[in-house]
Amino acid sequence: MFLHGTSKIDGQGHLEIGGVDTVKLAKEFGTPLYVYDVALIRERARQFKDTFKQHGVKAQVAYASKAFSTMAMVQLVQEEGLSLDVVSGGELYTALAAGFPREKIHFHGNNKSKAELEMAIREGIGCIVVDNFYEIELLKELGDVYQKKIPVLLRITPGIEAHTHDYILTGQEDSKFGFDLQNGQAEQAVRQTFNMPQFDLLGVHCHIGSQIFETAGFIMATQKIFEKLKEWKEKMNFFPKVLNLGGGFGIRYTNEDDPIPVSQYVNVIIEEVKKQTEAMNIGIPEIWIEPGRSLVGDAGTTLYSIGSRKNVPNIREYVSVDGGMNDNIRPALYQAKYEAALANRMNDEVDEEVSIAGKCCESGDMLIWDLPLPNPQPKDILAVFCTGAYGYSMASHYNRIPKPAVVFVEDGEAQLVVKRETYEDLIKNDLPFKAKVKN
Ligand SMILES: Cc1ncc(COP(=O)(O)O)c(C=O)c1O
């Protein structure tokens, strides 16, 4: 078992995170419970920022809030001096309500509505990452209406798709996102926005994938982009002030994963951008990145209470918990793997292999297959590690199960940052049926 961040085993054999006994957390706040190790989030944020600082490169590290967006998280991001990437009116609203500095917010999305774009423009956010020609037209209209020069980046698809250990050169990329670099769409988008009265074209953006463990994909994407930047410099005298290379830096979910330190991705990106700009004899642009998972993924642990067990003789032992695909869809959605342990019996000898079932009415609601555990019993607390990214943010009300609470732990203190939903919360927007037949 691998313990992340400040996690350790205390004198009672309990899992401790941020100096707080998780068994006590489960008692005080109930289960399922999302627990975040604040010190680990801070450490990662600083690793990203410090690496840019060491190179003396102007940069923005924007937390991709789709990974986990709540007011408290946004405020923690602000405290650590990062920027913020949002992808919807809801994430933007959360950021604004949390008091996040507007000029450090970047707005993504392949189908932002006119209302969402208006909200972003009215609030004067840092930049809009323009995804397609429809959005260019909408923004032109809004630029005229609001008499504002809208700061934008253009999202381009460089024809490289990277996932974990593989990266594929796709040429013409089959993606719903962005302007294709190879087929001329990206150049057309530059022509439609550069030196136009409605736009302040800051630069270009790309995001090549997720849970990436190799640096080669980032190098290749940078090279592809620079091939075009050279052309655009000659043809249009356009060179970006900002080059945003997205997120996707991998983390360790299980011992099958072997991530490299975040500083290594940043070093490689900076070195490649320097190499390319030196060859062009031009100054280095600001480099922006957008880590999501690598800031919060392994800082999150979900605590569950163990309930029923079912033995299928000679086949499997099912152990059910009080949550499942509604608080963590990743195993059901893309067979994501996790490690887990009994938080109240961390030192007990592992003597069984069980499969952890969620409580939803779906056979596919399995959290972990074939997990070695010390004979789990009802009321034991199961801690599933590395659930900090795309867990809470993808949570649903399937089976009308209320969403769990979220607790931040740091320096021996726990603070509730999202209250557990109640049954009343579940029906708060429901309206009664108006019966047609009156008795
Ligand atoms: C444009 C963009 N930036 C950043 C991210 C964050 O990726 P990750 O959480 O893998 O770092 C994503 C994830 O989908 C994304 O689409």
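Analysis parameters
- Residues numbered from 1 in each chain as written.
- Predicted model: local features only at pLDDT ≥ 70, side-chain atom pairs only at ≥ 80, totals over all residues.
- UniProt positions renumbered as here; feature names shortened; annotations may be inferred.
- Axes fitted to C-alpha atoms, helices over the stretch in contact; angles between N-to-C directions.
- Helix = DSSP H or I, 4+ residues; strand = E, 2+ residues; numbered from the N terminus.
- Parallel < 35°, antiparallel > 145°, perpendicular 65-115°, else oblique.
- Left-handed = near helix turned anticlockwise from the far one by under 90°.
- Contact = placed C-beta atoms within 7 Å.
- Nonpolar A, V, L, I, M, F, W, Y, C, P; charged D, E, K, R; others polar.
- Buried ≥ 20, exposed ≤ 12 C-beta atoms within 10 Å, placed from the backbone.
- Arc of directions from axis to C-beta.
- Domains from an automatic or database assignment.
- Pairing = 2+ DSSP bridges.

As annotated in an unreviewed UniProt entry, the protein carries the name Diaminopimelate decarboxylase and is attributed to Bacillus songklensis. Check the Pathway (unreviewed entry) section of the UniProt entry for the protein; it says "Amino-acid biosynthesis; L-lysine biosynthesis via DAP pathway; L-lysine from DL-2,6-diaminopimelate: step 1/1." Comment text from UniProt for the protein, heading Function (unreviewed entry), reads "Specifically catalyzes the decarboxylation of meso-diaminopimelate (meso-DAP) to L-lysine."

### Let's talk about the packing of helix α7 (residues 185-193) against helix α8 (residues 216-236)
For any two helices packed against each other, one specifies the crossing angle of their axes together with the interaxial distance. The contact between α7 and α8 brings their axes to 12 Å, and the two run at 40 degrees. The orientation of α7 relative to α8 falls into the category oblique. You can see that α7 and α8 cross each other, and the crossing is right-handed. Judged by residue contacts, Ala 186, Glu 187, Val 190 and Arg 191 of α7 engage Lys 228, Trp 232 and Met 236 from α8. Broken down by class, the residue content of the contact of α7 with α8 amounts to 4 nonpolar, no polar and 3 charged.

### Some remarks on α7
Along an α-helix, residues three or four positions apart point the same way, because every turn accommodates 3.6 residues. Every buried residue of α7 is accounted for by Ala 186, Ala 189, Val 190 and Thr 193. One side of α7 carries all its buried residues, which in axial view fall inside an arc of 100 degrees. Considering only its buried residues, α7 is in contact with α6 (133-146), β9 (150-157), β12 (179-180), β13 (199-205) and α8. At the exit of α7 stands Asn 195, carrying a positive phi of roughly 60 degrees.

### As for the domain arrangement of the protein
Here the protein is described as being made up of domain 1 (8-37 + 297-427) and domain 2 (108-291). For domain 1 versus domain 2, the distance between C-alpha centres works out to 36 Å. Contact residues are listed per partner, giving 7 residues for domain 1 and 4 residues for domain 2. Of the residues contributing to the side of domain 1 that touches domain 2, the split by class is 3 nonpolar, 1 polar and 3 charged.

### Thoughts on the sheet that holds strand β1 (residues 8-9)
Strand order across the open sheet formed by 3 strands is β1-β2-β3, with antiparallel pairing between neighbours. Each edge of the open sheet carries a strand with a single partner, namely β1 and β3 (20-21). Relative to β3, strand β2 (residues 15-17) runs antiparallel, the two being bridged by 2 bridges. When the bridges of β3 are listed, Ile 17 appears paired with Val 20.

### Let's talk about the UniProt feature "binding site: pyridoxal 5'-phosphate" (unreviewed entry) in the protein
In this structure's numbering, the residues bearing the UniProt feature "binding site: pyridoxal 5'-phosphate" (unreviewed entry) are Gly 248, Glu 290, Pro 291, Gly 292, Arg 293 and Tyr 390. With respect to the element layout, Gly 292 can be found in the loop between β16 (286-289) and α10 (293-296). Tracing the backbone through its elements, the reader meets Arg 293 in helix α10. In contact with Arg 293, not counting residues within four places along its chain, are Ala 67, Ser 210, Gln 211, Ile 251 and Ala 389.

### A short note on unusual backbone geometry
Cis rather than trans, the peptide bond between Thr 31 and Pro 32 has omega equal to -10 degrees. Examined against the element boundaries, Pro 32 turns out to sit in the loop between α1 (22-29) and β4 (33-37). A positive phi angle, near 60 degrees, is found at Asn 195, a position not held by glycine. Structurally, the position occupied by Asn 195 is in the loop between α7 and β13.

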